Amino acid sequence: MWLKDGVKLCNVMNVLQPGVCKKINSSSMAFKQMENISKFLEAIEVYGVRKQDKFQTVDLYENQNMMQVYFCLIQLSSTSITKGYDGASCGVKLADSNKRNFGEAQLREGRNVIGLQMGTNKLASQSGMTAYGTGRQIMKNNQ
């Protein structure tokens, strides 16, 4: 697999943040390749990818959890777009924070509103419904 040695991953990080992966090992020895992957993982955390979005070195090197590797690369792409990278990408721009500061009067007023998730008291209601557990009257009794 062409990502297994970590060289391309380190090169990607050097494009996004020049000089972050200083020494890239091109050796075919396993521990050197895993060292490249570890450098990449450290670099993306510094870059801004959340720790829970990262994969572990063995996930890639031993093909154990390739979906997590894929997800991590998508998150890296999304983070790079958010930071202003305009090159090729496969992620989406992450949302900016939209913090709202309401005054005490607005918060008090909001407590009096019935939210649509709770229903409404102006339309259909269950008044006149039979109690739970009683039989449903399907046919009219002719007595």
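Scroll up a little and you will see the structure.
Residues numbered from 1 in each chain as written. Predicted model: local features only at pLDDT ≥ 70, side-chain atom pairs only at ≥ 80, totals over all residues. Heavy atoms only, no water.

### Points about the packing of helix α1 (residues 7–16) against helix α4 (residues 66–82)
Closest axis-to-axis distance for the α1/α4 pair is 12 Å, and the angle between their directions is 10 degrees. Taken together, the axes of α1 and α4 lie roughly parallel to each other. In this structure, α1 uses Leu9, Val12, Met13 and Leu16 to contact α4, whose residues at the interface are Leu73, Leu76 and Ser80. The class makeup of the residues in the contact of α1 with α4 is 6 nonpolar, 1 polar and no charged. (Axes fitted to C-alpha atoms, helices over the stretch in contact; angles between N-to-C directions. Helix = DSSP H or I, 4+ residues; strand = E, 2+ residues; numbered from the N terminus. Parallel < 35°, antiparallel > 145°, perpendicular 65-115°, else oblique. Contact = heavy atoms within 4.5 Å. Nonpolar A, V, L, I, M, F, W, Y, C, P; charged D, E, K, R; others polar.)

### Here's the deal with the packing of aromatic side chains
For the structure shown, the criterion picks out 1 aromatic pair. A cation sits over an aromatic face here: lysine 4 above tyrosine 61, 4.6 Å from the ring centre. Seen from the ring of tyrosine 47, lysine 83 lies directly overhead, with NZ or CZ sitting 4.6 Å from the centre. (Phe/Tyr/Trp six-rings, centres within 6.5 Å; stacked < 30°, edge-to-face > 60°. Lys NZ or Arg CZ within 6 Å of the ring centre and 35° of its normal.)

### Description of the side chain of asparagine 36
Topologically, asparagine 36 is positioned in helix α2 (residues 30–47). Classification of asparagine 36 by relative accessible area gives buried; the value is 0%. A distance of 3.0 Å separates a polar side-chain atom of asparagine 36 from the backbone oxygen of aspartate 5. Excluding anything up to four places from it in sequence, asparagine 36 contacts Asp5, Gly6, Val7, Cys10, Lys23, Ile24 and Asn25. (Buried < 20%, exposed > 50% of the residue type's maximum accessible area, 1.4 Å probe, protein only. Polar contact = N/O pair within 3.5 Å; in protein donor to acceptor, adjacent residues only side chain to side chain.)

### Regarding the nonpolar core
By size, the foremost hydrophobic cluster in this structure holds 19 residues, and its most contacted members are Met13, Phe40, Ile44, Phe55, Leu60 and Leu76. Ranked by residue count, the leading element in this core is α2, at 6 residues. Leaving out residues up to four positions away in the same chain, methionine 13 has contacts with Pro18, Val20, Cys21, Phe40, Ala43, Ile44, Tyr47 and Leu76. (Core = buried A, V, L, I, M, F, W, Y, C linked by side-chain atoms within 4.5 Å.)

### Overview of α1
What α1 keeps buried is the set Leu9, Cys10, Met13, Asn14 and Leu16. Looking down the long axis of α1, one finds its buried residues gathered within 160 degrees of arc, a one-sided arrangement. Buried residues along α1 sit against α2, α3 (57–61) and α4. (Arc of directions from axis to C-beta.)

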